[in-house]
Amino acid sequence: MENEGSMLSIKRIYYRGKLDSCNYTCSYCPFGKKSHLTATTNMEQDKQAWEHFITAIEQWKGEPLQLFIIPYGEALIHRYYREGMMRLAALPQVIGISCQTNLSFPAGQWLNELQTTPALISKIKVWASFHPEMTSVGKFVNQLHTLHHAGIQVCAGAVGNPSAKAELSDLRNTLLPDIYLFINAMQGLRTPLSREDIRFFSQLDNLFEYDLKNAPAQWDVCTGGRSSCLVDWKGDIYACPRSRVKVGNLYKNENLNLSLPCKRKVCDCYIAFSNLHNHPLHKIMGEGAFWRIPDKPLITTVFFDVDGTLTDAQGKVPESYANALRYMAQSASLYLATSLSMEQARRKLGKTLFSLFKGGVFADGGLLSYAGQSKCLPVEMLSITCEEPIKITTHSYEGQIYKYSLLVRNKKQREEILAQLNKRPYQIFYKAPLITVIHHEASKKEGVLQICKALNLSSEHVLIVGNSLKDWPMMSVVPHSCAVMDAEAALKERARYTLNPDRLPAFFHLNSYTLEKK
């Protein structure tokens with residue numbers, strides 16, 4: 001890395017001042033045990049240290065900076081922190097600044113102050129932590145939505161306390177779908193999280209497993225001390241908030257001593273393991289991993305498989321998925337890509353949900369529907385004479401059969417029919433006692449490609465969501481491939497993202513109109 005060992009190589013700085021007090025007294029929190037009303041001495045030292053840090057950044061000559069305030073307490077209830085963030089955001093060398101907060105500060109007042117310089121809003125971000133012991137879901141969400149609607153990028157988070165499941169579920173349901181809610185694994189539990197607890201928190205936050213398992217410390221792939229660092233109130237520099245090895249000082253113009261690697265064996269908090277540049281978070285969140293706010297690439301079109309992707313183990317669409325589909329359909333174009341026929345998909349989803357989709361690939365590519373038109377690849381029915389009756393189900397469009405299924409209970413008959421079918425140019429799907437037949441050229445992949453070509457859709461802005469390795473060929477043709485949480489392991493290994501349909505709005509900017517207007 002160019003300038004490695006020099007402060008000139010640093011692009012991201014976490015700042016933690018002298019502040020060690022908070023207006024909240026959460027039972028599980030290791031920080032801020034002192035009341036902010038009595039911590040006057042430390043606050044004055046903190047204010048001076050904060051001013052010293054701001055002055056150093058004003059004189060910064062290195063790379064453009066991303067700054068993150070991570071206090072041992074609540075900073076934004078203090079006016080000097082809010083004013084300092086505004087001063088830093090106004091600097092051309094600062095491209096973004098965030099702060100961890102419990103949102104108890106006067107958000108409306110701060111926004112009024114920011115309105116005098118609207119350009120600052122695009123630089124400011126907020127990591128908001130919900131504490132159910134100290135505030136209500138409604139009050140917290142109202143504060144967060146106030147900032148979000150003003151144009152400030154936000155994320156929300158909470159500790160995964162099993163006793164607070166109801167409040168956390170309410171929080172996720174009350175937040176706008178496009179706001180990411182993270183769950184931190186609770187430390188110090190007397191008993192480990194149950195399998196049901198883990199599943200519950202993973203449904204709220206599809207990335208929960210990373211916080212639960214942490215990551216082994218890997219100094220050779222860590223950005224700490226190289227392109228990112230922690231600066232404390234004295235100006236001392238550390239690789240990250242979890243490292244206790246001092247590598248330099250911001251105010252003494254010291255070169256960073258990278259011969260003193262971090263001695264930790266585990267990266268046991270989000271900020272620590274997000275510094276590992278090989279961590280899966282970066283593939284999912286992009287540059288937003290620093291802020292814990294997904295980058296949200298632009299997606300104009302989403303293709304969904306149905307069985308196992310939009311439906312649960314009982315074959316039903318969960319209500320949270322249905323709500324997400326309604327939300328996404330307001331801004332993006334939704335299509336299906338399924339082995340089901342159009343009639344089967346309509347019955348499975350119900351008329352109301354089915355109407356949200358503009359068409360799709362049906363019967364594994366046997367029928368395409370888009371832009372008010374349908375095209376099918378007809379398949380010839382095999383003439384069958386059997387001793388015992390068999391059930392034949394056909395699916396057709398304008399009199400042309402594009403898929404048919406044979407339910408054959410007799411094993412000998414099935415073998416005879418399969419032998420006849422294999423002599424024909426058909427695609428045959430066999431799972432006893434059912435035999436399904438479609439055109440030999442039909443596939444989900446070709447169907448998706450044809451629709452994208454016909455509608456002039458850029459693959460860069462298309463997202464495809466599936467659950468089976470059989471979905472991978474169609475998913476592989478776009479850069480944004482997504483496996484659902486319960487997908488086959490082999491598919492999750494290949495897909496770029498592992499997210500459920502109800503979490504997609506928090507990770508993608510869904511807008512089919514942006515490109516249409518250009």
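Cut-offs applied
- Residues numbered from 1 in each chain as written.
- Predicted model: local features only at pLDDT ≥ 70, side-chain atom pairs only at ≥ 80, totals over all residues.
- Heavy atoms only, no water.
- Core = buried A, V, L, I, M, F, W, Y, C linked by side-chain atoms within 4.5 Å.
- Buried < 20%, exposed > 50% of the residue type's maximum accessible area, 1.4 Å probe, protein only.
- Helix = DSSP H or I, 4+ residues; strand = E, 2+ residues; numbered from the N terminus.
- Pairing = 2+ DSSP bridges.
- Axes fitted to C-alpha atoms, helices over the stretch in contact; angles between N-to-C directions.
- Left-handed = near helix turned anticlockwise from the far one by under 90°.
- Contact = heavy atoms within 4.5 Å.
- Nonpolar A, V, L, I, M, F, W, Y, C, P; charged D, E, K, R; others polar.
- Polar contact = N/O pair within 3.5 Å; in protein donor to acceptor, adjacent residues only side chain to side chain.
- Disulfide = S-S within 2.5 Å.
- Phe/Tyr/Trp six-rings, centres within 6.5 Å; stacked < 30°, edge-to-face > 60°.
- Lys NZ or Arg CZ within 6 Å of the ring centre and 35° of its normal.

Some words on the nonpolar core
Here is step 1 of the chain: Ranked by size, the top nonpolar core spans 85 residues in total, and within it Phe304 and Leu336 carry the most contacts.
Here is step 2 of the chain: Residues Ala89, Trp110, Leu171 and Val231 belong to the second largest nonpolar core, which totals 69 residues.

Brief notes about the pairing of strand 23 (residues 434–439)
Here is step 1 of the chain: Counting buried positions along strand 23 yields five of six residues, so the element is predominantly enclosed.
Here is step 2 of the chain: Pairing analysis gives four bridges linking strand 21 (residues 400–407) to strand 23, with the strands arranged antiparallel. If you follow Leu406 over to strand 23, its bridge partner there is Ile435.
Here is step 3 of the chain: Looking at chain direction, strand 22 (residues 426–431) and strand 23 are connected through six bridges and run antiparallel. Bridging from a neighbouring strand, Phe429 pairs with Thr436 of strand 23.

Considerations on the packing of helix 4 (residues 137–149) against helix 5 (residues 165–174)
Here is step 1 of the chain: Running from N to C, helix 4 and helix 5 cross one another at 35°; their axes reach a closest spacing of 10 Å. Here helix 4 and helix 5 pass one another in a crossing that is right-handed. When helix 4 is examined against helix 5, the residues Val137, Phe140, Val141 and His145 are found in contact with a partner set consisting of Glu167, Asp170, Leu171 and Thr174.
Here is step 2 of the chain: Its residues assigned to classes, the contact of helix 4 with helix 5 shows four nonpolar, two polar and two charged.

Details of the environment of Trp50
Here is step 1 of the chain: Take Trp50: it is sitting in helix 1 (residues 40–58).
Here is step 2 of the chain: Judged by its relative accessible area of 2%, Trp50 is buried.
Here is step 3 of the chain: Taking C-alpha positions, Trp50 is 49 Å from Leu457, a pair spaced 407 residues apart along the chain.
Here is step 4 of the chain: Non-local contacts of Trp50, meaning those with residues more than four positions away in its chain, are made with Tyr15, Ile69, Tyr80, Tyr81, Gly84, Met85 and Leu88.
Here is step 5 of the chain: Engagement of the side chain of Trp50 in a polar contact is seen with the backbone oxygen of Tyr80, the distance being 3.0 Å.

Focus: the state of the cysteines
Here is step 1 of the chain: For the coordinates displayed, the defined rule picks out zero disulfides.
Here is step 2 of the chain: Counting only cysteine sulfurs, Cys262 is the nearest neighbor of Cys240, a cysteine outside any disulfide, at a range of 5.8 Å.
Here is step 3 of the chain: Assessed through its relative accessible area of 23%, Cys262 is described here as partly exposed.

Remarks on the packing of helix 2 (residues 79–89) against helix 3 (residues 107–114)
Here is step 1 of the chain: Across the interface, helix 2 lies against helix 3 with an axial gap of 11 Å and an inter-helix angle of 35°. For the crossing formed where helix 2 meets helix 3, the hand is right-handed. Contacts from Arg79, Arg82, Met85 and Met86 in helix 2 reach Gln109, Trp110, Glu113 and Leu114 in helix 3.
Here is step 2 of the chain: When grouped by side-chain class, the residues that make up the contact of helix 2 with helix 3 number four nonpolar, one polar and three charged.

A look at the packing of aromatic side chains
To describe a pair of aromatic rings, you give the distance between the ring centres and the angle between the ring planes.
Here is step 1 of the chain: Applying the stated criterion across every chain yields a total of 24 aromatic pairs.
Here is step 2 of the chain: Residues Phe68 and Trp291 carry aromatic rings whose centres are separated by 6.1 Å and whose planes lie at 40° to one another, so their mutual orientation is tilted. Remark: Trp291 occurs in the loop between helix 9 (280–285) and strand 14 (298–299) and Phe68 occurs in strand 4 (residues 65–69); sequence separation between them is 223 residues. We note that Phe68, like Trp291, is buried.
Here is step 3 of the chain: Seen from their ring centres, Tyr270 and Phe273 are 5.6 Å apart, and the 70° between their planes marks the pair as edge-to-face. Of this pair, Tyr270 and Phe273 both sit in helix 8 (residues 270–273), three residues apart, which is roughly one turn of that helix.
Here is step 4 of the chain: In textbook terms, an aromatic cluster arises when at least three aromatic residues are bridged by ring pairs, as seen for Tyr14, Phe68, Trp127, Tyr180, Phe182, Tyr270, Phe273, Phe290, Trp291 and Phe507.
Here is step 5 of the chain: In this structure, Lys165 is placed above the aromatic ring of Phe200, and the distance from its NZ or CZ to the ring centre is 5.2 Å.
Here is step 6 of the chain: Between Arg226 and the ring centre of Trp219, over which it is positioned, the NZ or CZ distance is 4.6 Å.

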